[in-house]
Structures are given as C-alpha cells and as structure tokens.
Amino acid sequence: MKNTEKQNLIIFMNVAGFDWICDIAYKNGVEMVASKLNDSDELWWRPIAVEGDGFCSLFKNSIKTAME
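Note that the coordinates shown come from a computational prediction; the quantities given were computed from them, not determined experimentally. (Residues numbered from 1 in each chain as written. Predicted model: local features only at pLDDT ≥ 70, side-chain atom pairs only at ≥ 80, totals over all residues. Heavy atoms only, no water.)

Comments concerning the nonpolar core
Right, on to step 1. Counting twelve residues, the largest nonpolar core is built from Leu9, Ile10, Met13, Ile21, Ile24, Val33, Ile48, Phe55, Cys56, Phe59, Ile63 and Ala66.
Right, on to step 2. Elements supplying a minimum of two residues to this core: helix H1 (5-15), helix H2 (53-59) and helix H3 (62-67).
Right, on to step 3. In contact with Ile21, not counting residues within four places along its chain, are Ile10, Met13, Asn14, Val33, Ala34 and Phe55. (Core = buried A, V, L, I, M, F, W, Y, C linked by side-chain atoms within 4.5 Å. Buried < 20%, exposed > 50% of the residue type's maximum accessible area, 1.4 Å probe, protein only. Helix = DSSP H or I, 4+ residues; strand = E, 2+ residues; numbered from the N terminus. Contact = heavy atoms within 4.5 Å.)

Focus on the pattern of salt bridges
Charged atoms that come close allow side chains of opposite charge to pair.
Right, on to step 1. Here the structure, examined in full by the defined rule, presents three salt bridges.
Right, on to step 2. As a salt-bridge pair, Glu51 and Arg46 come within 2.6 Å of each other at their nearest N and O atoms.
Right, on to step 3. We classify Arg46 as buried; its relative accessible area is 6%. (Salt bridge = Lys/Arg side-chain N within 4 Å of Asp/Glu carboxyl O.)

A word on the sheet that holds strand S2 (residues 30-36)
Sheets are built from strands that pair by backbone hydrogen bonding, the pairs being arranged parallel or antiparallel.
Right, on to step 1. Spatially, three strands are ordered S1-S2-S3 in an open sheet, and the strand pairing comes out antiparallel. Strands with a single pairing partner mark the edges of an open sheet, and in this sheet they are strand S1 (23-27) and strand S3 (43-47). Across the sheet, the mean angle from the axis of one strand to that of its neighbour is 30°, orientation sign disregarded.
Right, on to step 2. Of the pairings in the sheet, the one linking S2 to S3 comprises five bridges and is antiparallel in character. Bridge assignment links Val33 to a residue of S3, and that residue is Arg46. (Pairing = 2+ DSSP bridges. Axes fitted to C-alpha atoms, helices over the stretch in contact; angles between N-to-C directions.)

What follows is the structure in structure tokens.
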C-alpha cells in the first residue's frame, strides 16, 4: 500500500529530527502538528508557528499542501 502525501510528510519530519511528530492537520487556516502527551494516546496539538522560525521555514505550507 502506497503512503499518502500526509504520511510521507510525517515520515520526512521524523527523519529530519522532529521524531516527536505523530500527526499533522490543517484546521481553520492554521497548519498544526501533534505529539503524544506523556507516553499516552492523547495528542497535544499546536500551530507550527509555536515550534519556532526554523521549523516554520522548513515546513510552512507543506502541511496545507499535504492535506489538500
């Protein structure tokens, strides 16, 4: 089974050193990333802007594109 563009982007983010990312979304015009909270199945969602300028410059518009 072939990976979706969303799955490929998450894999790329993990390989690039952001291995805490387990999901991505584009909600209400905002690119979001999620990580698991304290080794549980609960996800902690936040805008990519919270992760800093370096992260944003690498992935800005990538999540939006992957979710279209």
